[in-house]
Amino acid sequence: MRLTAYTDYTLRTLIYLGMHRDRLATIQDIADVHGISKNHLMKVVYQLGLSGMVETVRGRNGGLRLKLEPEAINIGAVVRHSETDFYMAECFDPGSNACTLAPACALKGVLGAATAAYLKVLDGVTLADLIAHSARPGGRADKAIIVWK
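Residues numbered from 1 in each chain as written. Predicted model: local features only at pLDDT ≥ 70, side-chain atom pairs only at ≥ 80, totals over all residues. Heavy atoms only, no water.

Student: So what's going on with helix H4 (residues 75-82)? Which residues, and what values?
Tutor: Among all positions of H4, only Ile75, Gly76, Val78, Val79 and Ser82 are buried. End-on, the buried residues of H4 take up no more than an arc of 160 degrees, which puts them together on one face. The N-terminus of H4 is capped by Asn74, whose side-chain oxygen sits 2.9 Å from the backbone nitrogen of Gly76. (Buried < 20%, exposed > 50% of the residue type's maximum accessible area, 1.4 Å probe, protein only. Helix = DSSP H or I, 4+ residues; strand = E, 2+ residues; numbered from the N terminus. Arc of directions from axis to C-beta. Polar contact = N/O pair within 3.5 Å; in protein donor to acceptor, adjacent residues only side chain to side chain.)

Right, here's the structure in full:
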């Protein structure tokens, strides 16, 4: 399973905002820290604002901040909201499935179970968990690189 860049940027933005709750952050701040496109982040932040997770403040001294507490932001829900699909193979997409093995193949069930297990793990994690893990001694608070143990 590989997350899209959009979901990666969404998670990075939330982690950054969660780790910098004492001030308004800007899209440029986040883009600079992570070395990612400001234009892509603008789309991410817009959707995060529509979702109600992030509050945007307009104006000269504006920026963005978390609207919800980190404990209330479930990572599984974020991933489901930001990913376009979870089609692990052609047979998952009924609109384009042309696989001749599909009627008798067990692979779809195995991959479906694996995807469900993957999402179940993410459902057990909140933004608060990721922030706490990133802020531990030896963690990299600026880049918020997560290595879960």
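Student: Help me get a handle on the confidence of the model for the protein chain, residues and values and all.
Tutor: Confidence in the prediction for the protein chain averages 86 pLDDT; 89% of positions are at 70 or higher. The model gives residues 141-149 a pLDDT under 50, and that stretch makes 19 contacts with residues more than four places away or in other chains. (pLDDT = per-residue confidence, 0-100. Contact = heavy atoms within 4.5 Å.)

Student: So what about the nonpolar core? Which residues, and what values?
Tutor: If you look at soluble globular proteins, the nonpolar side chains tend to sit buried side by side. Core analysis: the largest hydrophobic core is formed by 31 residues, its most contacted members being Leu14, Leu17, Val54, Ile75 and Leu127. Ranked by the residues each element gives to this core, the list is headed by helix H1 (residues 5-19), at 7 residues. If we ignore the near neighbours within four places in the chain, the residues touching Leu17 are Ala25, Ile30, Val54, Leu64, Arg65 and Leu66. (Core = buried A, V, L, I, M, F, W, Y, C linked by side-chain atoms within 4.5 Å.)

Student: Describe the side chain of Ser82, with residues and values.
Tutor: Topologically, Ser82 is positioned in helix H4. Among the residues examined, Ser82 registers a relative accessible area of 8% and is labelled buried. Those residues in contact with Ser82 that lie beyond four places of it in its chain are Tyr6, Thr7 and Thr10.

Student: Lay out the pattern of salt bridges with the relevant residues and their values.
Tutor: Under the definition given, this model contains 5 salt bridges. The residue Asp29 makes a salt bridge to Arg23 at a minimum N-O spacing of 3.4 Å. Exposure remark for Arg23: the relative accessible area of 35% places this residue in the partly exposed category. Of the charged contacts in the structure, one is a salt bridge between Arg65 and Glu55, with a shortest N-O distance of 3.0 Å. Taken together, the residues Arg65 in strand E2 (residues 63-66) and Glu55 in strand E1 (residues 54-57) connect sequence positions 10 residues apart. The class for Arg65 is partly exposed, based on a relative accessible area of 35%. Using a relative accessible area of 30% as the deciding quantity, one classes Glu55 as partly exposed. (Salt bridge = Lys/Arg side-chain N within 4 Å of Asp/Glu carboxyl O.)

Student: Give me the lowdown on the packing of H4 against helix H5 (residues 107-123), citing residues and values where you can.
Tutor: Relative orientation of the contacting elements H4 and H5 amounts to 125 degrees, with a least axis distance of 6 Å. Here H5 runs oblique to H4, going by the angle between their axes. In contact with Ile75, Gly76, Ala77, Val79 and Arg80 of H4, H5 contributes Leu119, Leu122 and Asp123. Considering only residue class, the contact of H4 with H5 consists of 5 nonpolar, 1 polar and 2 charged. (Axes fitted to C-alpha atoms, helices over the stretch in contact; angles between N-to-C directions. Parallel < 35°, antiparallel > 145°, perpendicular 65-115°, else oblique. Nonpolar A, V, L, I, M, F, W, Y, C, P; charged D, E, K, R; others polar.)

Student: Give a detailed account of H1, specifying residues and quantitative values.
Tutor: Here H1 contains 15 residues, and its C-alpha end-to-end distance of 21 Å stays within 8% of the 21 Å for a straight helix at 1.5 Å per residue. Counting buried positions over the 15 residues of H1 gives 11, a clear majority of the element. When we look at burial in H1, the residues that qualify are Thr7, Tyr9, Thr10, Leu11, Thr13, Leu14, Ile15, Tyr16, Leu17, Gly18 and Met19. (Expected span 1.5 Å × (residues − 1).)

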